[in-house]
Amino acid sequence: MNTLRLSLRQVFYHSNILYSIRILISLAGTTFIPWYLGDIRAVIPLTLGVVAAALTDIDTRLLNRLLNLILTLVCFSLATFSVQLLFPYPAIFIIGLVLSTFIFTMLGALGQRYGVIAFGSLLIAAYTMLGHDMFTDFYSQPIFLLVGAIWYNLVVFIESIIQPIRTTQQSLAFSFFKLGQYLDAKAAMFDPDETDDFKQQSLQLAQANDQLTIALNQTKHSLFNRLKSYRGQPHIHNMLNSYFVAQDIHERASATHMAYQTLSQQLKHSDILFRFARILNLQAKACNKLAISIKYNQIYQHDPAFEKYFTYLEEAIARYQGSVKLINALTHLLKNLLSIDLLLSNINNEQQLSSQYTQRQLIDDKLIGFKDSWQRIKQNLTVKSPLFRHAIRMSLVFFVGYTIIQALNLQHGYWIILTSLFVCQPNYSTTKFRLRLRVIGTIVGIIIGVPLTYLLPNIAAQLILIILSGWLFFLFKNSQYAYATAFITLLVFFSFGLVGESSFTVAVYRIIATLIGCGIAWVAVSFIWPDWKFRNLSTFVARTCHDDCHYLSLIGSQYLSGKSNDASYRLVRRNVHENNADLSSLISIMTKEPKFNQQTIDQAFRFLTLNHTLIGYISTLAAHRDKSINNETLSIFDDASVFIINVLHGNQKLDKDLTCMKEVISNIIDKQPSNLDDNDFLVLQQILLILDILPETVQLAEQLQKEKNSS
């Protein structure tokens, strides 16, 4: 009985299963209901309406979902009826097509919500072009498209009422899963046998950090979208607390108390590093266990075995006969892991966490009124804006596509516009990636689809195949674009087979349209304001240095005034990790561009590694900012921070001041004056570590900015 209950719970809380049920119900309704009513032609626009609505779906609470639906229907109606009414007048139609494409694309300046609705509106317009001759009147197809969109949203409404916060639980669980992966990557840094592979390990740690940052941001947005109207409920408090716990564990896990290579060299013949790695691995497993508990709405049970492992580690450190500086670093590292353990063990203690996270405010980036909306649009009405350039690019792509369709009089030629809409992305590398997969997926879909239409010619079988191919399209659309393209191609085949079109003819025109659409998209991203990412490298480097400085400055002020986890502090901390993730993504994209310089890529990767190390050193200061320090230490911290910030901002050159500052701090650490305690030495040690990597960090930052200027 317990096994059955657990299985039902896993189904009830499993996101992919419930998403599949949602898609299957939506597609079954748009296929079998019109078939039952005897209007088989309506299957195509109804199904395409579901596809458009599902592609523009944003997870949010019920009230916002209703507002989104109203806005979506307004935009969809404008798009589909304008296409249907203006279609007989090519000269007027192409003007409307270009202007509406530009306007809808620019709506992306208002945020994700408006961006996806704008994309859906362009998609509905393209679908309307595809079926413009399917009905004799002008209103039937637009109405069926809108009914399909409404039907999908009705299914989602019902699901949201049954499980209003399930998606937020999934997002929070995913964050803890990624946190576990980050802790595993951190544990790998404590392997004394891998002294020659720190570069690769550091890169893997940075990549795990990037993925965790993305997951935490998704959770934050989900908390905003779903939970604003439920703030007074206890389980919402628990989810907010868990999110804050994940952030705090991330900060503590990011802390670097000493250079890993130094630790590996000095502790090569000791078991201390293995014990640190084991605890980190166990904490990673605890995060995975916690993720499962959140996902399936269960109570997390903390492993009591942690206590003995911490005892063994503490004994090993106490018996180690090494330098005082190294022992201090190991002791603080142990305290940091104990703090992580305390956070995990208290995850179900609402009273304890509520007292710790008294300020539950999350910083929202939503629009505030028409003035704010216009201001965001206005800021992007310049050629310096990537969104503006992409809006112009898409308008020209649609213009060229429509012109080719009219000139060649291609049957189903509007697949050209549909293909261009899906593959033409703001940057070159993403577009190139989609071009290849789009062609491969289309060919595979045709190879599978043509025989199936002959083997299963009856309508009932084709309706089932439409449902299955649509369901598989949505399952793979975010993970395997080639598979998704193949399945949407199958959906097209079976849909047009319902109205008696030859599958071979449909296949030929599908391939021609796909190749032309991909060709137009490739030319557009290559020659119309190509968004080469190396041109943005300087801006990203400067922003990274600026926010690192802000993080360091804010921590210094908290050593003076006391620890605070308020919203402004969390924003600065989040920006630092986001910048590192954005820089990593930018460098990855640069490697796929035709004009990249290998030397610049190598320098950028080295800067990325150093920046992640710098964040680790600063995070260590942040992790221990709840403890007071001596006025003398505070003065040194203040002077060093001002120096580091000025150097990173380019306001001060690296000169003999750096050497003098390092000598002063080193002498204090070596002499171990009695008026300073362990936390004073930790702060001084971290400042010294930052000063050690500062020259190379500044040199690389200057070189990367010069590279941009020379280009």
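Note that the structure is predicted; figures quoted are calculated from it, not measured.

Enquirer: So what's going on with the overall build of the chain? Which residues, and what values?
Expert: Along the chain, the regular secondary structure elements total 28 helices and 0 strands. Since a compact globule built from 711 residues should have a radius of gyration of about 27 Å, the 29 Å found for the chain is in line with a globular shape. Based on the C-alpha atoms only, the size of the chain along its principal axes is roughly 95 × 70 × 50 Å. The buried share among the 711 residues of the chain stands at 53%. In the chain, once contacts between residues fewer than 6 apart in sequence are set aside, the share between residues at least 24 apart is 81%. When the accessible area of the chain is evaluated, it comes to approximately 31100 Å², of which 60% is carbon and sulfur surface. Of the side chains in the chain, 58 bear a positive and 49 a negative charge, and the two mean positions are spaced by 8 Å.

Enquirer: Mind laying out the side chain of Thr128, listing which residues take part and the relevant values?
Expert: Within the fold, Thr128 resides in helix α6 (residues 112-130). Setting aside residues up to four positions removed in sequence, Thr128 forms contacts with Thr80, Val83, Gln84, Gln141 and Leu145.

Enquirer: Would you mind going over the pattern of salt bridges in detail, with residue names and values included?
Expert: Inspection of every chain in the model, using the stated rule, returns 12 salt bridges. Residues Glu251 and Arg625 are paired through a salt bridge, measuring 3.5 Å at the closest nitrogen-oxygen approach. In this pair, Glu251 sits in helix α10 (residues 234-254) while Arg625 sits in the loop between α25 (598-623) and α26 (631-648), placing the two residues 374 residues apart along the sequence. Note on Glu251: relative accessible area 4%, which makes it buried. The exposure class assigned to Arg625 is buried, which follows from its relative accessible area of 2%. One salt bridge connects Arg574 with Glu578, and the closest N-O pair in it is separated by 3.3 Å. In this pair, Arg574 and Glu578 both sit in helix α24 (residues 567-590), 4 residues apart, roughly one turn of the helix. Residues Arg574 and Glu578 agree in their burial class; the two are buried. Because the salt bridges share partners, they merge into one network encompassing Arg22, Asp57, Arg65 and Glu159.

Enquirer: Give a detailed account of the environment of Leu468, specifying residues and quantitative values.
Expert: Of note, Leu468 is situated in helix α20 (residues 459-476). Remark: the alpha-carbon pair of Leu468 and Phe487, spanning 19 residues in sequence, is separated by 8.7 Å.

Enquirer: How would you summarise the packing of helix α3 (residues 43-55) against helix α7 (residues 140-162) if you had to cite specific residues and measurements?
Expert: Helix packing for two helices is described by the angle between their axes and how far apart those axes are. It is the contact of α3 with α7, at a shortest axis distance of 7 Å, that shows an interaxial angle of 50 degrees. Taken as axis vectors, α3 and α7 run oblique relative to one another. As for the relative orientation of α3 and α7, their crossing is right-handed in sense. Touching Pro45, Leu46, Leu48, Gly49, Val50, Ala53 and Ala54 of α3 are Gln141, Phe144, Leu145, Val147, Gly148, Ala149, Trp151, Tyr152 and Asn153, all from α7. Split by residue class, the contact of α3 with α7 holds 12 nonpolar, 4 polar and no charged.

Enquirer: How would you sum up helix α27 (residues 656-671)? Please name residues and give values.
Expert: End to end, α27 covers 23 Å across 16 residues, agreeing with the expected 22 Å (1.5 Å per residue, within 8%). Following α27 by one or two positions, Gln672 adopts a phi angle in the positive range, close to 50 degrees.

Enquirer: I'd love a proper account of the packing of aromatic side chains, names of residues and values included.
Expert: Throughout the structure, instances matching the rule amount to 22 aromatic pairs. Judged by centre distance (5.1 Å) and plane angle (40 degrees), the rings of Phe93 and Tyr402 are tilted. Taken together, the residues span a long stretch of sequence, with Phe93 in helix α5 (residues 90-106) and Tyr402 in helix α17 (residues 386-408) at a distance of 309 residues. A relative accessible area of 3% places Tyr402 in the buried class. Their ring planes at 40 degrees and their centres at 5.6 Å tell us that Phe135 and Phe144 sit as a pair that is tilted. Look at Phe135 and you get buried, because its relative accessible area is 9%. Counting every residue linked through ring pairs, the aromatic cluster contains Phe87, Phe93, Tyr402 and Tyr414. It is Arg510 that lies over the ring of Trp415; its NZ or CZ is 5.3 Å from the centre. Directly above the ring of Phe540 sits Arg543, whose terminal nitrogen or CZ lies 4.8 Å from the centroid.

Enquirer: Give a description of unusual backbone geometry that names residues and reports values.
Expert: A positive phi angle, near 55 degrees, is found at Asn297, a position not held by glycine. Located in the positive-phi region is Asn409, a residue other than glycine, with phi close to 55 degrees. The exposed category is assigned to Asn409, whose relative accessible area is 66%.

Enquirer: Pulling in residues and values, what's your account of the state of the cysteines?
Expert: Taken as a whole, this structure holds 0 disulfides when the rule is applied. Looking at Cys518, it has no disulfide partner, and the nearest cysteine sulfur is the one in Cys424, 10 Å off. Take Cys518: its relative accessible area is 7%, and that puts it in the buried class. Unpaired in this structure, Cys549 has its nearest cysteine sulfur neighbour in Cys545, at a distance of 6.7 Å.

Enquirer: Quick rundown of the packing of helix α18 (residues 415-423) against helix α22 (residues 503-527)? Include the residues and the values.
Expert: Close contact between α18 and α22 brings their axes to 8 Å; oriented N to C, the two are set at 45 degrees. Viewed along their axes, α18 and α22 adopt a mutual orientation that is oblique. The hand of the α18/α22 crossing is right-handed. Counted together, Trp415, Ile416, Thr419, Ser420 and Val423 of α18 and Val506, Tyr509, Arg510, Ala513, Thr514, Ile516, Gly517, Cys518, Ile520 and Ala521 of α22 form the full contact between these two elements.

Enquirer: Summarise the side chain of Thr30; cite the residues concerned and give the values.
Expert: Note on placement: Thr30 falls in helix α2 (residues 15-37). A distance of 3.1 Å separates a polar side-chain atom of Thr30 from the backbone oxygen of Leu27. Setting aside residues up to four positions removed in sequence, Thr30 forms contacts with Val43, Leu46, Thr47, Val50 and Trp151.

Enquirer: An account of the nonpolar core is requested, with residue identities and associated values reported.
Expert: With 88 residues, the main nonpolar core has Tyr127, Met129 and Ile417 as its most contacted residues. Looking at this core, the element that brings in the most residues is helix α21 (residues 481-498), giving 12 residues. Apart from the residues within four sequence positions on either side, Met129 is in contact with Val83, Phe87, Phe93, Leu97, Tyr414 and Ile417. Phe176, Ala185, Ile249 and Ala284 belong to the second largest nonpolar core, which has 60 residues in total.

Enquirer: Which residues make up the environment of Asp602, and what values go with them?
Expert: Here Asp602 lies in helix α25. According to the relative accessible area criterion, Asp602 is partly exposed, its value standing at 43%. Each C-alpha atom of the pair Asp602 and Ile587 lies 9.5 Å from the other, and the pair is 15 residues apart in sequence.

The rules we used
Residues numbered from 1 in each chain as written. Predicted model: local features only at pLDDT ≥ 70, side-chain atom pairs only at ≥ 80, totals over all residues. Heavy atoms only, no water. Helix = DSSP H or I, 4+ residues; strand = E, 2+ residues; numbered from the N terminus. Rg over C-alpha atoms; globule rule 2.2 N^0.38 Å. Buried < 20%, exposed > 50% of the residue type's maximum accessible area, 1.4 Å probe, protein only. Contact = heavy atoms within 4.5 Å. Areas by Shrake-Rupley, 256 points an atom, 1.4 Å probe, with all protein chains shown as cover. Lys, Arg positive; Asp, Glu negative; His and termini not counted. Charge placed at Lys NZ, Arg CZ, Asp CG, Glu CD. Salt bridge = Lys/Arg side-chain N within 4 Å of Asp/Glu carboxyl O. Axes fitted to C-alpha atoms, helices over the stretch in contact; angles between N-to-C directions. Parallel < 35°, antiparallel > 145°, perpendicular 65-115°, else oblique. Left-handed = near helix turned anticlockwise from the far one by under 90°. Nonpolar A, V, L, I, M, F, W, Y, C, P; charged D, E, K, R; others polar. Expected span 1.5 Å × (residues − 1). Phe/Tyr/Trp six-rings, centres within 6.5 Å; stacked < 30°, edge-to-face > 60°. Lys NZ or Arg CZ within 6 Å of the ring centre and 35° of its normal. Disulfide = S-S within 2.5 Å. Polar contact = N/O pair within 3.5 Å; in protein donor to acceptor, adjacent residues only side chain to side chain. Core = buried A, V, L, I, M, F, W, Y, C linked by side-chain atoms within 4.5 Å.

Purely geometric stuff here, so don't read any function into it on its own.
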